[in-house]
Amino acid sequence: MAYELAPLPYDYAALEPHIDEATMKLHHDKHHQTYVTNLNAAIDKHPELASKTPEELIKNLSAIPEDIRTAVKNHGGGHVNHTMFWQIMKPAGGGEPNGAIAAQIKADFGDFENFKKLFNEAAAKQFGSGWGWLVFQAGKLKIVTTANQDSPLSEGLYPILANDIWEHAYYLKYQNRRADYLAAWWNVVNWDEVNKRFAIASK
Ligand code: MN3
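These figures come from a predicted structure and were not determined experimentally.

Caption draft 1: Inspection of the environment of His18 at higher detail. Its location among the elements puts His18 in the segment before helix 1 (21-44). Between the C-alpha atom of His18 and that of Tyr181, which follows or precedes it by 163 residues, the distance is 7.6 Å. Among residues more than four places away in sequence, those in contact with His18 are Lys173, Tyr174, Ala184, Asn187 and Val188. Of the polar contacts made by the side chain of His18, one reaches the side chain of Asn187; its length is 3.4 Å.

Caption draft 2: Quick peek at the layout of surface pockets. When its volume is computed, the largest pocket comes out at roughly 220 Å³. Around the largest pocket, the lining comprises 15 residues; the ones closest to its centre are Glu55, Val80, Leu153, Tyr158 and Arg197. Secondary structure elements with two or more residues in the lining of the largest pocket: helix 2 (54-59) and helix 3 (66-87). Looking at which element gives the most residues to the lining of the largest pocket, the answer is helix 3, with five residues. Grouping the constituent residues of the lining of the largest pocket by class yields six nonpolar, five polar and four charged. Lining the lining of the largest pocket are residues from two domains, each supplying at least three of them: domain 1 (21-87) and domain 2 (99-202). As for the second largest pocket, its lining consists of 13 residues, and the residues nearest its centre are Ala6, His32, His79, Thr83 and Gln87. Every element with two or more residues in the lining of the second largest pocket is listed here: helix 2 and helix 3. Among the residues forming the lining of the second largest pocket, the class breakdown is seven nonpolar, four polar and two charged.

Caption draft 3: Looking closely at the packing of aromatic side chains. In total, this model carries 17 aromatic pairs according to the counting rule given. Taking the centre distance of 6.4 Å and the plane angle of 35 degrees together, the rings of Phe112 and Phe115 count as tilted. Highlighted residues: Phe112 and Phe115, both in helix 5 (residues 112-125), separated by three residues, approximately one helical turn. Residues Phe112 and Phe115 agree in their burial class; the two are buried. Ring centres 5.6 Å apart and planes at 80 degrees place the aromatic pair Phe112 and Trp191 in the edge-to-face group. Here Phe112, found in helix 5, pairs with Trp191, found in helix 8 (residues 191-201); they are 79 residues apart in sequence, far enough to count as distant. We note that Phe112, like Trp191, is buried.

Caption draft 4: The arrangement of the coordination of the manganese ion in detail. The protein atoms donating to the manganese ion are His27 (NE2), His82 (NE2), Asp164 (OD) and His168 (NE2), with metal-donor distances spanning 1.9 to 2.1 Å. The sequence motif formed by the donor residues of the manganese ion is H-x54-H-x81-D-x3-H. With respect to burial, Asp164 and His168 carry one shared label: buried.

Caption draft 5: Inspection of the sheet that holds strand 1 (residues 130-137) at higher detail. Spatially, 2-1-3 is the arrangement adopted by the three strands of the open sheet, whose pairing is antiparallel. Two strands in the sheet have a free side with no partner beyond their single neighbour: strand 2 (140-147) and strand 3 (161-164). For this sheet the average axis-to-axis angle between neighbouring strands, irrespective of direction, equals 20 degrees. Sheet contacts for helix 4 (residues 99-109): strand 1 and strand 2; angle to strand 2, the most-contacted strand, approximately 85 degrees.

About the cut-offs
- Here the residue numbering is sequential within each chain, running from 1 through the sequence in written order.
- The predicted origin of the model limits local features to residues at a pLDDT of at least 70 and limits the giving and counting of side-chain atom pairs to 80 or more, whereas totals for whole chains, interfaces and linings rest on all residues.
- Water and hydrogen atoms play no part in the side-chain values, which are based on all heavy atoms of the structure.
- We count a stretch as a helix when DSSP gives it H or I for four or more residues in a row; a strand needs E for two or more, and each element gets its number in order from the N terminus.
- Here, two residues are considered to be in contact whenever any of their heavy atoms come within 4.5 Å of each other.
- Within 3.5 Å is the distance limit for a polar contact, defined as a pair of N or O atoms, with the added protein rule that one can donate a hydrogen and the other accept it, and that residues adjacent in sequence qualify only through two side-chain atoms.
- For cavity detection a 1 Å grid was placed over the protein atoms alone, and a set of points counts as a cavity when a 1.4 Å probe fits there but cannot get out; an open set counts as a pocket when protein lies on both sides within 12 Å along at least five of seven lines, with lining residues being those that have an atom within 4 Å of a point.
- Grid points are joined across faces, edges and corners, and a volume is the space filled by probe spheres set on the points.
- Under this grouping Gly is polar, as are all residues other than the nonpolar Ala, Val, Leu, Ile, Met, Phe, Trp, Tyr, Cys and Pro and the charged Asp, Glu, Lys and Arg.
- Here the bounds of each domain stem from an automatic or database domain assignment.
- Paired rings are identified among Phe, Tyr and Trp, the last through its six-membered ring, by centres lying within 6.5 Å, and are further divided according to the angle between planes into stacked (under 30 degrees), edge-to-face (over 60) and tilted (the rest).
- Accessible area is worked out with a 1.4 Å probe on protein chains only. A residue is then buried under 20% of its type maximum, exposed over 50%, and partly exposed in between.
- Here the coordinating atoms are restricted to nitrogen, oxygen and sulfur within 2.8 Å of the metal centre, or 3.2 Å for Na, K and Ca, and because water is not among them the sites may look incomplete.
- Any two strands between which DSSP finds at least two bridges are classified as paired.
- A fitted line through C-alpha atoms represents every axis, and for helices the fit uses only the stretch in contact; the resulting angles, taken between N-to-C directions, go from 0 to 180 degrees.

Following this line, the structure appears as structure tokens:
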């Protein structure tokens, strides 16, 4: 059974004005779809892998046959990363974090403002395409970035929050102003979903 692109969990225009409808349409229907299509093309060559979830594939890349390993890393990563990304955003989201993640942010970064500043700085500095991530390692939250569609899952880390810093995520609306996109993005964060992921990461 082939992997499938799930519909966005809200309307394309639901994250306006922070993320525009045209960007969401292109990002979900074209970019994310392409990752799914290309992942399926790779797995077609090794149908014995088709029973694995996309997460399982990228968690253990060394177990993937070499001829499709890069394709699985890039397109499997793209599929998993974007599936998470749509879920950790929501219309009328943002505001201060709540629940356990709020307490952990306070413990590890002092306060939310400082955390946002550090996250945005790390994401702004990522050269070229990639992602900014929040992970939980050895009892502490950590901000990391990856290039391309590389996932912390491949390093044994469960991502709690992530921002897509490929130009396709913001260029239509923000052009070269990545910092403006990064600042606006906090207005759409779904803290309930982030808390669910934090509960899994901290188990
Ligand atoms: Mn993207």
